[in-house]
Amino acid sequence: QNGCAPDEVCGAPAGDSTSVRYSLVPPQPSLLDVSTFGSSYDTVLSVHQGDCPTGIVFNGNLTCIRRPATIACDDDIITNSVRSSSLSNVPLHAGQNYLVMVCDKDTTDEGGTLRFSYTLTPWCRSDFNLNGVVSTQDFIDFITAWNAQVNQTGQGLSADINGNGVVSSQDIFDFIELWVTGCD
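Let me sum up the structure you'll find in this document. The structure displayed is predicted, hence computed values, not measured ones. Per-chain numbering applies: the sequence of each chain, read as written, is numbered from 1 onward. Local features in a predicted model are, by the rule used here, given only for residues with pLDDT of at least 70; side-chain atom pairs are given and counted only at 80 or more, and totals for whole chains, interfaces and linings are based on all residues. The basis for every side-chain value is the complete set of non-hydrogen atoms in the structure, without hydrogens or water.

Bringing the sheet that holds strand β6 (residues 69–75) into the picture now. Note on pairing: two strands pair once DSSP finds at least 2 bridges between them. Helical segments are the DSSP runs of H or I of at least four residues, strand segments are the runs of E of at least two, and each set is numbered from the N terminus. Sheet architecture is open: 4 strands sit in the order β1-β10-β3-β6, paired in antiparallel fashion. Among the strands making up the open sheet, the edge pair consists of β1 (19–24) and β6. Ignoring strand direction, the axes of neighbouring strands in this sheet form an average angle of 20°. Of the pairings in the sheet, the one linking β1 to strand β10 (residues 98–104) comprises 6 bridges and is antiparallel in character. Structural elements are reduced to axes, namely lines fitted to C-alpha atoms, with helices fitted over the stretch in contact, and the angle between N-to-C directions of any two is expressed from 0 to 180 degrees.

What follows is the structure, given as structure tokens:
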């Protein structure tokens with residue numbers, strides 16, 4: 001286990017849970033759907049933005065230089081008495097590094113079969129609420145999300161429209177430009 005790996009969140013045990021990480025760099029703005037349906041063990045699924053974790057050890061102490069930020073997480077969708085995980089419409093920015101992590105919720109070494117599937121769908125970023133229509137409601141929803149994320153009171157679709165890792169006033173200007181031009 002890499003001590004600088006993303007935190008295993010939303011139900012995964014802290015510490016020695018077994019996990020698998022997949023690296024992904026979308027070529028265009030995309031929505032990610034990912035699931036572990038059909039796996040034979042209890043899974044926890046998460047998506048993280050950023051480069052692979054890196055750390056250095058000096059005098060026996062680990063210092064993390066880089067740790068990806070968690071942007072989505074799911075635990076426990078029960079199908080046929082097996083707990084699997086699924087995430088839908090996770091917005092990903094073009095050219096950004098993402099890690100998709102699947103954790104075994106159980107800390108024993110029993111193992112099992114992992115079934116992992118994902119799809120990337122092109123994302124029209126000006127359709128912020130993902131209803132298929134660019135409208136005034138998208139602008140209202142974006143401003144609401146931006147305000148909640150700037151004030152650290154909300155989650156949901158990221159208001160980091162330009163994908164630079166920071167929600168700032170620049171995202172408002174970038175969203176307005178996208179919103180005015182609509183979708184291709």
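At N89, a residue that is not glycine, the phi angle is positive and equals roughly 55°. Considering the arrangement of structural elements, one finds N89 in strand β9 (residues 86–92). Burial classification: accessible surface area is computed with a 1.4 Å probe over protein chains only, and a residue below 20% of its type maximum counts as buried, one above 50% as exposed, and the rest as partly exposed. Here N89 falls in the partly exposed class, since its relative accessible area comes to 36%.

So, about the sheet that holds β9. The 3 strands lie next to each other as β9-β2-β11, forming an open sheet whose pairing is antiparallel. On the outer flanks of this sheet lie β9 and β11 (117–122), each paired with one strand and no other. Sheet twist, expressed as the average angle between the axes of neighbouring strands with direction ignored, equals 20°. As judged from the 6 bridges shared by strand β2 (residues 30–35) and β11, these two strands associate in the antiparallel manner. The residue bridging V34 from the neighbouring strand is Y118, located in β11.

At a closest axis distance of 11 Å, the pairing of helix α1 (residues 136–150) and helix α2 (residues 169–181) adopts a crossing angle of 170°. Classified by the interaxial angle, the pair formed by α1 and α2 is roughly antiparallel. Contact with α1, carried on its side by T136, D138, F139, F142, I143 and W146, involves S169, D171, I172, F175, I176 and W179 of α2 and no other residues of that element. When an angle is under 35 degrees it counts as roughly parallel; over 145 it counts as roughly antiparallel; between 65 and 115 it counts as roughly perpendicular; any other value is oblique. Two residues qualify as a contact provided that any one of their heavy atoms is within 4.5 Å of a heavy atom in the partner residue.

Once that is clear, we can look at the packing of aromatic side chains. When the centres of two rings from Phe, Tyr and Trp lie within 6.5 Å, Trp using its six-membered ring, the rings pair. Their planes under 30 degrees apart give stacked, over 60 give edge-to-face, and anything left gives tilted. Within this structure, the stated rule accounts for 7 aromatic pairs. Taking the centre distance of 6.0 Å and the plane angle of 80° together, the rings of F128 and F175 count as edge-to-face. Taken as a pair, F128 in the loop between β11 and α1 and F175 in helix α2 lie far apart in primary sequence, 47 residues in all. With respect to burial, F128 and F175 carry one shared label: buried.

Note that N162 resides in the loop between α1 and α2. Taking the relative accessible area as the measure of exposure, N162 reaches 27% and is therefore partly exposed. Separated by 11 residues in the primary sequence, N162 and F173 have C-alpha atoms spaced 9.8 Å apart. Setting aside its immediate chain neighbours within four residues, N162 contacts H93, Q170, D171 and D174. Whenever a nitrogen or oxygen atom comes within 3.5 Å of another N or O atom, the pair is scored as a polar contact, on the condition that within protein one atom can donate a hydrogen and the other can accept it, and that pairs from neighbouring residues in sequence are kept only if both atoms are in side chains. In this structure the side chain of N162 is engaged in a polar contact, spanning 3.0 Å, whose partner is the side chain of D174.

Let's shift gears to the nonpolar core. Among the nonpolar cores identified, the biggest contains 12 residues, and these are L24, L32, V34, L45, V47, A72, L87, V90, L92, Y98, V100 and V102. Those elements that provide at least two residues to this core are β2, β3 (43–49), β9 and β10. Other than its neighbours up to four places away in sequence, Y98 contacts Y22, S23, L24, P26, V47, H48, Q49, G50, I71, P91, L92 and H93. Counting 8 residues, the second-largest nonpolar core is a separate cluster that includes F128, F142, I161 and I172. Among the buried residues, those of types Ala, Val, Leu, Ile, Met, Phe, Trp, Tyr and Cys that are joined through side-chain atoms within 4.5 Å form a nonpolar core.

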